[in-house]
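Working through the structure, step by step
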Amino acid sequence: MTEFLQHIINGLGLGAIYALIALGYTMVFGILQLINFAHGDVYMLGAFIGYYAGRYLGLANVPGLGSLGAALALAMLGAAVAGYLIERFAYRPLRKSPRINVLITAVGVSLLLEFGGQIIFGADPKFFPTLYVPGEPFMIGTLQMNRLQLLVLAISLVLMTGLRTIIFKTKTGRAMRAVSFNHDNAALMGIPVDRIISVTFMLGSALAGAAGILVGLTYPKIDPLMGVMFGLKAFVAAVVGGIGNVTGAVIGALLMGVAESLVIAYWASTYRDALAFGILILILLFKPAGLLGTHRQEKV
Amino acid sequence: MNWKNNSTLRAGVVMILGILFFFGLGAIIPTLFNAYVFTIVMYAGINVTAAVSLNLVTGITGQFSMGHAGFMSVGAYAAAFLTTVILPTAEIPPALVPLVFAGSLFFGGIVAAILGLVVGLPSLRLRGDYLAIVTLGFGEIIRVVILNVETIGGARGLPGIPQWTSFGWVYSVAFLAVLTVRRLLASSHGRAFLAVREDEIAAEAMGVNTTRYKVLAFIIGAFFAGVSGGLFGHFLTYLNPATFDFNRSFEIIIMIVLGGLGSTTGAVAAALFLTFLREALRPLQEITQLDFRMIIYSGLLIVLMLTRPNGFLGTKELTDFGFFRRFKGLRQ
């Protein structure tokens, strides 16, 4: 039983990171009906910004919450800039094009980041610098809580609460929801649609950048292709929760993390990637709108 | 029977003539080139089949599939499983070899098509871009599964496949794929494919069962991908799960985008062009020790989409130009 709970806790830690990425997918999909394939690679960029910040800004020499915070801020900023540039130069010119063209462009951007990353950063895996040294594990009875896991969970929670506040409590958030409801009507109400879409990309990308750092902390091996599978799984999590739905993305991601952790523990770790797609196919067959999503009728 | 008005009969004649032509050409071609160039010519032909079949799914029916190499992989392994593991290949009399080979290629195609149904049905029922994600995942899963199945070699790969693929086989299959797509397009099925691409909602309103046609196109595409995989395996005589990774799928995608989504002529031309370009780029790669190919491809993809989303040919075919225009009306 203890062991089982332990796996659940590990799964929640993983799920919290998935959630940060899934939020970006779900927000962009909600507003543009586009699967932003490059999102997983923005997360990879975040991890590499953390890597270079740790190594060359000397953050790794003074591990602690301060260094971690600085790396996190840098990665979020860098990822937000990347998200903005991607949207501005690759997606915005295609706003009126057929959907398949935008999709192909998204795939192109994603591959450009991956293979560009292989050339710039090198294809071999890098060891993520220690930005934070976790102390003794935290014990609840016989359950072990790694302090790093707690920290990752806490950071994810703070970021997600921040996002919720922005979406549901601020004027920008209201504009985002309006644009995702209907572009033309939002524009008629005086909402700068393009700027709101940029903001959405930047917010989503910043969260992905943060996820990059958190993954670097927990699984300290990073490489330019790390975003492919991780990003896909986060996307599946967003679909499970109901794509376009912010709360759904978090729930889907936590489920995904726990499911993956249990599969690794009780079955075989080779199937951890297959699991995500099994779940995706089941969801698409039986509840395509996801757990919390509402089915949207497409209109002419 | 008036053969000019019977398109089935005429297509049959064209098919047989085409196959005879390519097998005849196959007797000359290997003597013209050295082994290296001949290998490239063979790969080009295999890529033509793969590109034409993906073009049916993505260009003509408008469904973006990212796992075409996965289907090639399934077909390659299924066909090679028959000829290498199951059948006592060495004891097959030479006269029967073409029959056995054709049968195993067909088997590879069918297995790929069945998997196409399994993968396509859930994702194609929905509007949207789920197919892209599901096929991408499928390609990866197939790789992992093959890695873990020991009967077909697992991670070591499957060696000892008989080398039965010849120039005639490769280009006959490519020719058949082109002919199939062309005849499909002239039929009511083909119109339905195009209708789904142009506007799904309108197509459905006109009584086209969109899911059915999307799945149909996907299955046919998977079938030909599987056959081309089978050809590949029986040419290289060795299969490795890593051969059919995502980069391979992506190569086929760039072929059809470059040629013009929806144009079979474009797919053929771009498949030939890119296969040769890849070899031409090899020295650059050797000098710099870096793989710029994928960078060039992905950059090309973005630039094409931004500046010329229709590729080189748009949806035009060979029969839209000059001399060949006289064949346009022929329904074959």
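Presented here is an overview of the structure given in this document. Quick caveat: nothing in here was measured; it's all calculated off a predicted structure. (Residues numbered from 1 in each chain as written. Chains lettered and ligands numbered in written order. Predicted model: local features only at pLDDT ≥ 70, side-chain atom pairs only at ≥ 80, totals over all residues. Heavy atoms only, no water.)

1. Quick word on the overall build of chain B
A count of helical and extended segments in chain B gives 13 helices and 0 strands. Starting at the N terminus, the α and β elements of chain B follow one another as α-α-α-α-α-α-α-α-α-α-α-α-α. For chain B, the C-alpha radius of gyration of 20 Å lies close to 20 Å, the compact-globule estimate for 332 residues. Considered along the principal axes of its C-alpha atoms, chain B spans approximately 55 × 50 × 40 Å. Here chain B holds 332 residues, and the buried ones make up 53% of them. Counted over contacts in chain B with a minimum sequence separation of 6, partners at least 24 positions apart contribute 82%. (Helix = DSSP H or I, 4+ residues; strand = E, 2+ residues; numbered from the N terminus. Rg over C-alpha atoms; globule rule 2.2 N^0.38 Å. Buried < 20%, exposed > 50% of the residue type's maximum accessible area, 1.4 Å probe, protein only. Contact = heavy atoms within 4.5 Å.)

2. Side note on the interface of chain A and chain B
Between chain A and chain B, the contact holds 37 residues from the first and 39 residues from the second. Contact between chain A and chain B buries roughly 3500 Å² in total, counting both sides, with carbon and sulfur atoms accounting for 81%. Counting the contacts that link chain A with chain B gives 0 salt bridges. For the pair chain A and chain B, the interface holds 1 residue pair in polar contact (both at pLDDT 80 or more). The set of elements that each furnish at least two residues to the side of chain A that touches chain B consists of helix 3 (65-91), helix 4 (99-120), helix 9 (226-241) and helix 11 (272-286) of chain A. The dominant element in the side of chain A that touches chain B, judged by the number of residues it contributes, is helix 4 of chain A, at 14 residues. For the side of chain A that touches chain B, the per-class residue count stands at 28 nonpolar, 6 polar and 3 charged. (Buried area = accessible area lost by both parts, 1.4 Å probe. Salt bridge = Lys/Arg side-chain N within 4 Å of Asp/Glu carboxyl O. Polar contact = N/O pair within 3.5 Å; in protein donor to acceptor, adjacent residues only side chain to side chain. Nonpolar A, V, L, I, M, F, W, Y, C, P; charged D, E, K, R; others polar.)

3. Things to note about unusual backbone geometry
A positive phi is found at Gln-33 of chain A, a non-glycine position, where the angle reads about 55°. Unusually for a residue other than glycine, Thr-237 of chain B sits at a positive phi of about 65°. Take Thr-237 of chain B: it is sitting in the loop between helix 9 (210-236) and helix 10 (246-259). Of the residues examined, Thr-237 of chain B reaches a relative accessible area of 24% and is grouped as partly exposed.

4. Observations regarding the nonpolar core
In terms of nonpolar packing, the biggest core is built from 200 residues, with Phe-37 and Tyr-91 of chain A together with Phe-64, Met-66, Leu-239 and Val-257 of chain B touching the most fellow members. The contact partners of Met-66 of chain B, leaving out residues within four places of it in the chain, are Phe-37 and Val-107 of chain A together with Ala-132, Thr-135, Leu-136, Phe-246, Ser-249 and Ile-253 of chain B. (Core = buried A, V, L, I, M, F, W, Y, C linked by side-chain atoms within 4.5 Å.)

5. Remarks on the pattern of salt bridges
Across all of its chains, the model carries 12 salt bridges over all chains by this definition. Taking the shortest distance from any N to any O, the salt bridge between Arg-92 of chain A and Glu-87 of chain A comes out at 3.3 Å. Using a relative accessible area of 0% as the deciding quantity, one classes Glu-87 of chain A as buried. Here Glu-251 of chain B ties to Arg-278 of chain B by a salt bridge, and the two come within 3.0 Å at their closest N and O atoms. Remark: Arg-278 of chain B occurs in helix 11 (residues 264-280) and Glu-251 of chain B occurs in helix 10; sequence separation between them is 27 residues. Look at Arg-278 of chain B and you get partly exposed, because its relative accessible area is 26%.

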